[in-house]
Amino acid sequence: MKVLNNLFLIFGLIVLTGCGGGGAVDLKDDPGLITDDAEVVRETVEKLEPGEVLMMPVGDLNYYAGMPAGITVVVRNIGSTQVNFPKWHLRDEDNLRFYYTPCDAEGNIDEENAVWTSQTPVIENPSYYPVVLMPENSALLQGDLSFIEDLPADTPESYYLVVVELNNDEVEVSSPPFVVKICELK
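What comes next is a walk through the structure. Values in this document were obtained by computation on a predicted structure and should not be read as measured data.

## A short note on the packing of aromatic side chains
Thought 1: In the structure shown here, the tally under the stated rule is four aromatic pairs.
Thought 2: Consider the rings of Phe85 and Trp88, whose centres lie 5.2 Å apart with planes at 65 degrees: the pair is edge-to-face. Judged on exposure class, the residue Phe85 and its partner Trp88 are both buried.
Thought 3: Ring geometry for Phe147 against Tyr160: centres 5.0 Å apart, planes inclined by 65 degrees, an arrangement best described as edge-to-face. With Phe147 in helix H3 (residues 146-149) and Tyr160 in strand S9 (residues 158-166), this pair connects stretches of sequence that are 13 residues apart. Judged on exposure class, the residue Phe147 and its partner Tyr160 are both buried.
Thought 4: Each residue in the set Tyr100, Phe147 and Tyr160 is aromatic and connected to the rest through ring pairs, giving one cluster.
Thought 5: When the ring centre of Tyr128 is taken as origin, the NZ or CZ atom of Lys87, which lies over that ring, is 5.2 Å away.

Printed below as a string of structure tokens:
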């Protein structure tokens, strides 16, 4: 029995040492790591093909003036091939740029007098990495509609038409316009 146990031990060691082979892996070879060399990233990934990505808000779009207004946005690959984003910011909110203008409850605006305001994140030390979305996969991003928090707390019920887009110079992806409601505090 002792010989059998020793054979199992020797066999186990052979299997363990055989499975670990291949030598050391340099972490710099991992394409998923954050890189400082944006040019290398741009050269190694394909450009985004238009019409393959859907970007939409998810969740409740009712907010109170003067209070934080967090929003979640889904970026979904609706195409049949993978979609590559060469520069995806490490912080969610750095990936989102918002445009907004007052509207009515149905989202109608006065086209002639509409003034669209932009909310673009200020990024002091950008950190980003490439992201690949396979077909039918999604990424969720969270940001804040900071203009709502800046509204006076006694703002009456009102509506804003909002468009969100990826804050990325390499690709152009944006949502269709959607309506957010500013609820009145009672």
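## Some details on the sheet that holds strand S8 (residues 138-144)
Thought 1: Strand order across the open sheet formed by three strands is S1-S3-S8, with antiparallel pairing between neighbours. Unpaired on one side and paired on the other, strand S1 (53-58) and S8 mark the two borders of the sheet. Geometrically, the sheet is characterised by an average inter-axis angle of 25 degrees between neighbouring strands, direction not taken into account.
Thought 2: Pairing geometry for strand S3 (residues 70-77) and S8, over seven bridges, is antiparallel. Each bridged residue has a counterpart across the sheet, and for Thr72 the counterpart in S8 is Gln142.

## As for the pairing of strand S5 (residues 96-103)
Thought 1: When you tally the buried positions in S5, you get six out of eight residues, the bulk of the element.
Thought 2: Of the strand pairs in this sheet, S5 and strand S6 (residues 117-119) are connected by three bridges, and their pairing is antiparallel. Bridge pairing links Tyr99 to Ser118 in S6.

## Let's talk about the sheet that holds strand S2 (residues 62-64)
Thought 1: Reading across the sheet, the five strands line up as S2-S10-S9-S5-S6 and stay open at both edges, with mixed pairing between neighbours. At either margin of the open sheet sits one strand with a lone partner, and together these are S2 and S6. Strand-to-strand twist across the sheet, computed as the mean angle between neighbouring axes with direction ignored, equals 35 degrees.
Thought 2: Note: S2 against strand S10 (residues 178-183), three bridges, orientation parallel. Paired with Tyr64 across the bridge in S10 is Cys183.

Criteria and thresholds
Residues numbered from 1 in each chain as written. Predicted model: local features only at pLDDT ≥ 70, side-chain atom pairs only at ≥ 80, totals over all residues. Heavy atoms only, no water. Phe/Tyr/Trp six-rings, centres within 6.5 Å; stacked < 30°, edge-to-face > 60°. Buried < 20%, exposed > 50% of the residue type's maximum accessible area, 1.4 Å probe, protein only. Helix = DSSP H or I, 4+ residues; strand = E, 2+ residues; numbered from the N terminus. Lys NZ or Arg CZ within 6 Å of the ring centre and 35° of its normal. Pairing = 2+ DSSP bridges. Axes fitted to C-alpha atoms, helices over the stretch in contact; angles between N-to-C directions.

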